[in-house]
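Each chain is listed here by its residues.
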Amino acid sequence: MIEATPTSHGNNPMRYGDFGTLAEALDYAALGPTGINIYTGKGEVAEALPYASIREQAIALARRMLGAGLKPGMRVGMIAESDGDFIRAFFACQYAGLVPAPMPLPVAFGGRGAYIEHVRRMIQSADASAMFTPAVVEEWIGEAAQGLGLKYCGTAGGMDNIAPFTGALPEQDAEGLSYLQFSSGSTRDPKGIAVTQRAFMANAHTSSLHGLRIEDNDRCVSWLPFYHDMGLVGFLLIPMVCQMTVDVLPTREFARRALLWLRLISRNRGTLSFSPSFGYELCTRRSGTAAIDDLDLSCWRGAGIGGDMVRAPVLSRFVEQFSKVGFRREAFVPSYGMAEATLALSFTPTGDGFCTDEIDSEAMEQRQRAEPAKADNTRTRTFVLCGEMLPGHDLDVRDVNGASLGEREIGRIFVRGPSLMKGYYGAEEETAAVLSTDGWLDTGDLGYRIARQLVITGRAKDLMIVNGRNVWPQDLEWTAEAEIAGLRSGDVAVFSVDADTDEQIVALVQCRQRDEAARETLRNDIAGLLRTRHGTEANVVLVPPHALPVTTSGKLSRSKAKTLYLAGSFSAEAAEAPASAG
């Protein structure tokens, strides 16, 4: 039986990401006993990797990378499996002066061909000189890389026969690139977000010291994929630069056994763990048919939530279900961030839990103001506050003309600070479109400020204007999913299309019913609900289960759903033959 690394730092005093580079940080973490543990779907330790072992193995692999002809500054693509090989390869790049570019596993792509084409575009976007891959998809990656002139393409173990470089390793550069991070939505035209060593350390330092307020006895537990910024930065890199132990459950195992995530927290006395909304929702749903009395979640002090819109009902249901086994509402830590800012921009103060703001929907839609709801308001909207900006980072909410707005005025969110990306790698035009010369990043999100805290209302590109009203698609999606029997989170995608005189709202709904009468009832019920609750007319189109596209991080992709709809992919014939309910 493999023993997991301990929580205690031993005699190695904790440092909060105050290093020049990731390699320097790993050198320090290796002085203590903590590390990374990879678990199986049975909850057993598959690999225990003390930071000392990771450092030793990463340096050995770095020498083989250089021996294979790779030169400092070159980009190295790597399929981000939740295993020791990825971890070793990522840190090997740091010691070799190479720039790793984590890429996704074959999920949410609709088959082999789509995945291979997507990875090929990523390799080209990063101008990668090598690719590292798990053995299980080695053939696919070889096909994706065919004809691109890579110096190496294969598994990390495949480098064992390469003679290692014996000279001095490259000097580390705090101003150089640390890694490229592909955003989860960049499936059609992938852009690598260039994160420097300095930007990463700035985010790691403020996030750990001021955001999560990490303590000596903290232990992380995560199921998040390493190709997503929350998984890579939040639960691989930041724990390492703070010398914390991390227990990692591979994402595929979480999908099969969601409650194992909570069991690891309970058993190992984990204190910090994050998830998007659907992770908490999935656990709540699974707990309805599984015993949870053996759990003790009283140790979980930082239950972070981010990566998508934070939904108050999801958090409330989780609290209701798991408070009986020690989970506290105050443990929730809503946050806001994006890969273009390394990871985090704001955190709710730890211990505050999640706080909400109920506003008047009419004022929001017609006057772009977040006015507090009154007792006689018939239509309201509740948002979760996402906390205060990290020290050294600025927030500006602007109107369509670029003028700064005041408190409770809804506009486009701009941020500035030391955590921001250098730009999109090799894409100056795309960088200039979002990052100004004076350092302001256009996040593409809409929101407002209240009592120094940030509130997100949605993505600007998703906003629909119908009859002069601003209508948010997630409002309609969440209403249908919450009130129509049989619908689950992620079953509805709402967007608008051009009509003769105005925009027309389309609601794609995943349907598990085969009976036509039941299907017609579902269409009418949803259309009637949206008409009554939101005053909108919607064309409700039923689609098979699992038909709605998602990003690599599992979020609904409305833009891709709209593209598929306009291309005729959701025809009446396709909707008549549901796939397995799953």
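### Points about the side chain of Gln453
- Within the element layout of this structure, Gln453 appears in strand E22 (residues 453-459).
- With sequence-adjacent residues up to four places away left out, Gln453 is seen in contact with Thr348, Leu385, Cys386, Gly387, Glu388 and Tyr448.

### Description of the sheet that holds strand E7 (residues 177-182)
- With respect to topology, three strands assemble into an open sheet ordered E7-E8-E20, the strand pairing being antiparallel. At either margin of the open sheet sits one strand with a lone partner, and together these are E7 and strand E20 (423-424).
- Sheet topology note: the E7/strand E8 (residues 192-196) ladder contains five bridges and is antiparallel. The residue bridging Phe182 from the neighbouring strand is Gly192, located in E8.

### A closer look at the sheet that holds strand E21 (residues 441-450)
- Taking strand neighbours across the sheet as the criterion, the four strands line up as E18-E19-E21-E22 in an open arrangement whose pairing is antiparallel. The open sheet has two edge strands, strand E18 (394-398) and E22, and neither has a second partner. For this sheet, the mean angle separating the axes of adjacent strands, direction not counted, is 50°.

### Quick look at the packing of helix H6 (residues 197-211) against helix H7 (residues 229-241)
- It is the contact of H6 with H7, at a shortest axis distance of 10 Å, that shows an interaxial angle of 85°. Between H6 and H7, the angle is such that the two are roughly perpendicular. Contacts between H6 and H7 involve Phe200, Met201, Ala204 and Ser207 on the former and, on the latter, Val233, Leu237, Ile238 and Val241.

### Concerning the layout of surface pockets
- One number sums up the size of the second largest pocket: a volume of about 670 Å³.
- Along the wall of the second largest pocket there are 27 residues; nearest its centre are Arg311, Pro313, Trp478, Thr479 and Ala482.
- Those elements that place two or more of their residues in the lining of the second largest pocket are helix H10 (277-286), helix H11 (312-322), helix H12 (361-367), strand E16 (380-384), helix H14 (473-483) and helix H15 (516-534).
- A total of six residues in the lining of the second largest pocket trace back to one element, the largest contributor, which is H14.
- Taken together, the residues of the lining of the second largest pocket break down into six nonpolar, eight polar and 13 charged.

### A few points about the side chain of Arg381
- With respect to the secondary-structure elements, Arg381 resides in strand E16.
- Apart from residues no more than four positions distant in its own chain, Arg381 is found in contact with Met309, Asp357, Glu358, Ile359, Ser361, Met364, Trp472, Gln474, Asp475 and Trp478.

### Quick notes on the packing of aromatic side chains
- One pass over the full model with this rule turns up 26 aromatic pairs.
- Ring geometry for Phe90 and Phe91: centres 5.6 Å apart, planes at 85°, overall edge-to-face.
- Here Phe90 falls in the buried class, since its relative accessible area comes to 0%.
- Using a relative accessible area of 1% as the deciding quantity, one classes Phe91 as buried.
- Where Phe327 meets Phe332, the ring centres are 5.1 Å apart and the plane angle is 65°; that geometry is what we call edge-to-face. Of the two residues, Phe327 and Phe332, neither departs from the other in class, the shared state being buried.
- Three or more aromatic residues joined by ring pairs form one cluster here, namely Trp223, Phe254, Trp261, Phe278, Tyr280, Trp300, Phe318, Phe322, Phe327, Phe332 and Phe354.
- For the cation-ring pair, Arg15 lies above Tyr28, with the distance from its terminal atom to the ring centre recorded as 4.9 Å.

### Thoughts on unusual backbone geometry
- The phi dihedral of Ala451 falls on the positive side, at around 50°, and the residue is not glycine.
- Take Ala451: it is sitting in the loop between E21 and E22.
- Take Ala451: its relative accessible area is 55%, and that puts it in the exposed class.
- Of note in the backbone geometry, His546 takes a positive phi value of approximately 65° without being a glycine.
- Examined against the element boundaries, His546 turns out to sit in the loop between strand E27 (538-543) and helix H16 (558-566).

### A word on the pattern of salt bridges
- Throughout the structure, instances matching the rule amount to 37 salt bridges.
- With a shortest N-O distance of 3.6 Å, Glu117 and Arg121 are connected by a salt bridge. Of the two residues, Glu117 and Arg121 are both situated in helix H4 (residues 112-126); the distance of four residues between them amounts to about one turn of the helix.
- Close ionic contact of Glu477 with Arg558 constitutes a salt bridge, the shortest N to O distance being 2.8 Å. You can see Glu477 sitting in helix H14 and its partner Arg558 sitting in helix H16, a full 81 residues away along the chain.
- Several salt bridges share partner residues, and in doing so they unite Glu516, Arg519, Glu520 and Arg523 into one network.

About the thresholds
Residues numbered from 1 in each chain as written. Predicted model: local features only at pLDDT ≥ 70, side-chain atom pairs only at ≥ 80, totals over all residues. Heavy atoms only, no water. Helix = DSSP H or I, 4+ residues; strand = E, 2+ residues; numbered from the N terminus. Contact = heavy atoms within 4.5 Å. Pairing = 2+ DSSP bridges. Axes fitted to C-alpha atoms, helices over the stretch in contact; angles between N-to-C directions. Parallel < 35°, antiparallel > 145°, perpendicular 65-115°, else oblique. 1 Å grid on protein atoms, 1.4 Å probe; cavity = no way out; pocket = protein on both sides within 12 Å on 5 of 7 lines; lining within 4 Å. Points joined across faces, edges and corners; volume = space filled by probe spheres on them. Nonpolar A, V, L, I, M, F, W, Y, C, P; charged D, E, K, R; others polar. Phe/Tyr/Trp six-rings, centres within 6.5 Å; stacked < 30°, edge-to-face > 60°. Buried < 20%, exposed > 50% of the residue type's maximum accessible area, 1.4 Å probe, protein only. Lys NZ or Arg CZ within 6 Å of the ring centre and 35° of its normal. Salt bridge = Lys/Arg side-chain N within 4 Å of Asp/Glu carboxyl O.

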